[in-house]
2 protein chains.
Amino acid sequence: MKAEIITIGDEILNGQIVDTNSAWIAQQFAPMHISVKQISSIADTGPAIADALKQAEERADIIVVTGGLGPTKDDVTKLTAAAYFNTSLVRDPQVLLHVQEIFSRLRTGDMPEINKQQADVLANAQVLFNDVGTAPGMFVQQNSKFYFFLPGVPYEMKYLIEHRVLPVLRDLSPNTFVYNAHLLTVGIGESHLARQIEDIEAAMPPYIKLAYLPKLGLVRLRFTAVGSDYHMLREETDRHASLVAARLGSFVVANEDISFPALIVRRFTEKSLRLATAESCTGGTVAAELTAVAGASQMFQGGVVAYANQVKVDFLRVDFDTLQAFGAVSEQVVKQMAEGAKQAFGTDYAIATSGVAGPGGGSPEKPVGMVCIAVCGKSETMVKTYHFKNDRTINIQRATMAALTMLWNLFQKEGLDSIE
Amino acid sequence: MKAEIITIGDEILNGQIVDTNSAWIAQQFAPMHISVKQISSIADTGPAIADALKQAEERADIIVVTGGLGPTKDDVTKLTAAAYFNTSLVRDPQVLLHVQEIFSRLRTGDMPEINKQQADVLANAQVLFNDVGTAPGMFVQQNSKFYFFLPGVPYEMKYLIEHRVLPVLRDLSPNTFVYNAHLLTVGIGESHLARQIEDIEAAMPPYIKLAYLPKLGLVRLRFTAVGSDYHMLREETDRHASLVAARLGSFVVANEDISFPALIVRRFTEKSLRLATAESCTGGTVAAELTAVAGASQMFQGGVVAYANQVKVDFLRVDFDTLQAFGAVSEQVVKQMAEGAKQAFGTDYAIATSGVAGPGGGSPEKPVGMVCIAVCGKSETMVKTYHFKNDRTINIQRATMAALTMLWNLFQKEGLDSIE
């Protein structure tokens, strides 16, 4: 079945809020073989809402509307929907009781009319009772189309999708299954990757779709199969994912839906290995990426952000003469930083970065975007120099990703891991 | 003028990617008085693209299309647009050269046709040259409507909006001036702030609009005035911004469009003050926020990511008995961390964080979301305990913002700065 999501609210249109609701809803729908055909963010006005409903129902079977139901929204959404469905608003006694209860928990005195209006629902709707907020959801079924109206507050919306909307939808298509397989690739560009597996992709059965999901320095591959025979779907999808993985070799670092830092944290934890960082140009970003992963404390010991040269000498025991002779941005210095960090933190591995992030600080010999990275492991230290471009933010991100990739490669090379 | 944004890509529709591009674009358009009327995310198919273009041009003057231009996208977007505008695709020699150059930097051998197609552009378009990627943007002007086609990769899209799209839009209305004034407030919530300045806002002339742009822990106020008399616009807008600033007092930290970390970097640099960090639960994020600012090396000496307790003892000279008695997440320990960092890095100020970021590691006495922060200055050390909630990512962000706010407050208190 096809779905569309309509989000109502000026906060999204003027850029104050990023619409994360729609992606979350789409993720819940995908495993039910409900594919989202369009997501529209529209203004909180009658004409915009009516037009969006009309256009959506021409393309989709399921229309989910979020937002526009708060107590200060003047009921535009509900009044427009009532006119659209040629019905009226009625005050739901059960919802009114619920709203009254919440109100009296927060304030004393009589509840104003504006709050009572929260209990007004479309006369033709099934009320989707909202246990976690005041605005109820509504479900309307008309001309074989299914309309869901939900509040926009993320946790209320999520509650209603999980507890009210999905149960309704499950009853609509009981015999269709979806199966997903994932590959995470690192260090190979999207188009190069596509060429390498062109023949495998061309020979895939039509019920399996391959999506390329690229991000700085890595590409995620997602195989999605849809059909009525779950067993066959799983077998065939996994078989094709394995073919692709075999072709791509060591570019594939995981065969599941996991982030690269989370993969590193997990593998290092499994092997009881510890890591430290010594960051100059990345300024703490490598450490921040790793510690964003829950459980990172199992393998991440700590790090030094060695911005000033004196810090490189004092904390990482970089040799002052080496600094003088080659400069802070050099393979010689970054090697000493990594080895110094490994030593100082007593870890098995250490990452070090030093570079010219920009926009200033470049020279003909060491231009903006030049970054030296070292990874020190059990038995050797890998050192590389990269040449990125002019944007400071992107240079920091690319250097961070390059450092994690080098760490992964050394970790693999030292024979301590293989994809299971 | 009215704008619409169309994003093309299955990754958004299936929920794999949250559309952050549209919010960013809306933010760039707002100060130019271009209001976004609808944001639509659609599938990568000809009919979907053609329908979206048709519906958008009925509502808006400016249509921005992002995505659907990558080398593996089969040129659906470009072919559909060519048919839509009744034109053809032509290979742009300058773009081809650029693509070839990027290709040969990464690989040897002949460039395949799929890459050459990146240089194909609409014959009726003005090419928006993409210095930071292979896919060029395109600008089409037809029947008083303005169409911009941009790649979906965020940093390429941003580059093209800033360097190619905004200049074109500025030229469209040469006799209309837009003037913006900005206030950056820290430590006061949006609704509280709105109540404080209600009367000033109500008395503003109709050609000045006030936008509240909240982000974790801070609210940016943007005054936008549009009209033909630039002098008057500027005077009146600045006057109203000053009224608001006077009312809000020390909550206002800057009267320009600057990020909070950038403001801190600038003020510390002006006063020749140096800063160090000692981060446990924020794991390098405070350092990363500061070093993301160009020129941070003028005031940021370095930091320690003290994840393991041993690192707190070895690098920051935290007393082992204090750690034992009070635990790592305590005001006693975080105070020693800040003072130890100031000492070890030889700086004027130091920030320290220690907390339970979650989702694991909480206890009844020290629940998930509890974060202790210390800021050590010239003459005193400020220490505070915060109680955030359950989301690891948000806890890290909130703790980072709280740490920077405490730093700013101590810096102000020590009489070393005032808004000029």
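Scroll up to find the structure.
The residue count restarts for each chain, going from 1 along the sequence in the order it is written. Each chain is given a letter, starting from A, and each ligand a number, starting from 1, according to the order in which they appear as written. Thresholds applied to this predicted model are a pLDDT of at least 70 for local features of residues and 80 or more for the giving and counting of side-chain atom pairs; totals over whole chains, interfaces and linings are not thresholded and use all residues. Side-chain measures here rest on the full set of heavy atoms in the structure, leaving out hydrogens and waters.

(A) Geometry of helix α13 (residues 309–316) of chain B. Residues and elements named next belong to chain B. Of all the positions in α13, only Val311, Lys312, Phe315 and Leu316 are classed as buried. Across the axial projection of α13, the buried residues extend over an arc of 105 degrees, all falling on one side. Think of it this way: any DSSP run of H or I at least four residues long counts as a helix, any run of E at least two long counts as a strand, and we number them from the N terminus. Following α13 by one or two positions, Arg317 has its phi on the positive side, about 55 degrees. Burial classes: relative accessible area under 20% of the type maximum marks a residue as buried, over 50% as exposed, and values in between as partly exposed (1.4 Å probe, protein chains only). Relevant arc is that of directions from the helix axis to the C-beta atoms, nothing else.

(B) View of the side chain of His240 of chain B. All names here are of chain B. Relative to the assigned elements, His240 resides in helix α10 (residues 230–248). You can call His240 buried: its relative accessible area is 5%. Every residue in contact with His240, bar those within four places of it in the chain, is listed here: Ala203, Met204, Pro205, Ile208 and Phe223. The contact definition used throughout considers only heavy atoms, calling two residues in contact when any of these lie within 4.5 Å.

(C) Quick look at empty space enclosed by the protein. Detection works on a 1 Å grid of protein atoms alone, calling trapped sets that fit a 1.4 Å probe cavities and calling open sets with protein on both sides within 12 Å along at least five of seven lines pockets, with lining residues defined by an atom within 4 Å of a point. Grid points are joined across faces, edges and corners, and a volume is the space filled by probe spheres set on the points. As enumerated under the stated definition, the model contains three cavities of 30 Å³ or more in all. Of the voids in this model, the largest cavity is the one considered here, and its volume is about 140 Å³. Together, 17 residues line the largest cavity, and Asp19, Ile39 and Ser41 of chain A together with Asp19 and Ser41 of chain B are the ones closest to its centre. For the lining of the largest cavity, the secondary-structure elements that each account for two or more residues are α2 (21–29) and β2 (35–42) of chain A together with α2 (21–29) and β2 (35–42) of chain B. The leading source of residues in the lining of the largest cavity is β2 of chain B, at three residues.

(D) Broad picture of the nonpolar core. Within the largest apolar cluster, 50 residues are counted, with the highest numbers of intra-cluster contacts made by Leu316 and Met337 of chain A together with Leu316 and Met337 of chain B. Contact partners of Met337 of chain A, with chain neighbours within four places excluded, come to Ala278, Glu279, Ser280, Ala306, Lys312, Leu316, Val318, Ala352, Thr353 and Ser354 of chain A. In these notes, a set of buried Ala, Val, Leu, Ile, Met, Phe, Trp, Tyr and Cys residues joined through side-chain atoms within 4.5 Å is what counts as a nonpolar core.

(E) Structural context of the sheet that holds strand β10 (residues 208–215) of chain B. Residue and element names in this part refer to chain B. A strand pair is defined by DSSP finding two or more bridges across the two strands. The strand order β10-β11-β9-β12 describes an open sheet built from four strands, whose pairing is antiparallel. Because the sheet does not close on itself, it has two edges, and the strands there are β10 and β12 (252–254). Recorded for the sheet is a direction-independent mean angle of 30 degrees between the axes of neighbouring strands. Sheet topology places strand β9 (residues 177–186) next to β12; two bridges connect them, and they run antiparallel. Its bridge partner being in β12, Leu184 is matched across the sheet by Ala254. All axes are obtained by fitting lines to C-alpha atoms, using only the stretch in contact for helices, and the reported angles, taken between N-to-C directions, cover 0 to 180 degrees. The sheet contacts of α10 involve β9, β10, β11 (218–227) and β12, and relative to β9 the element is tilted by about 10 degrees.

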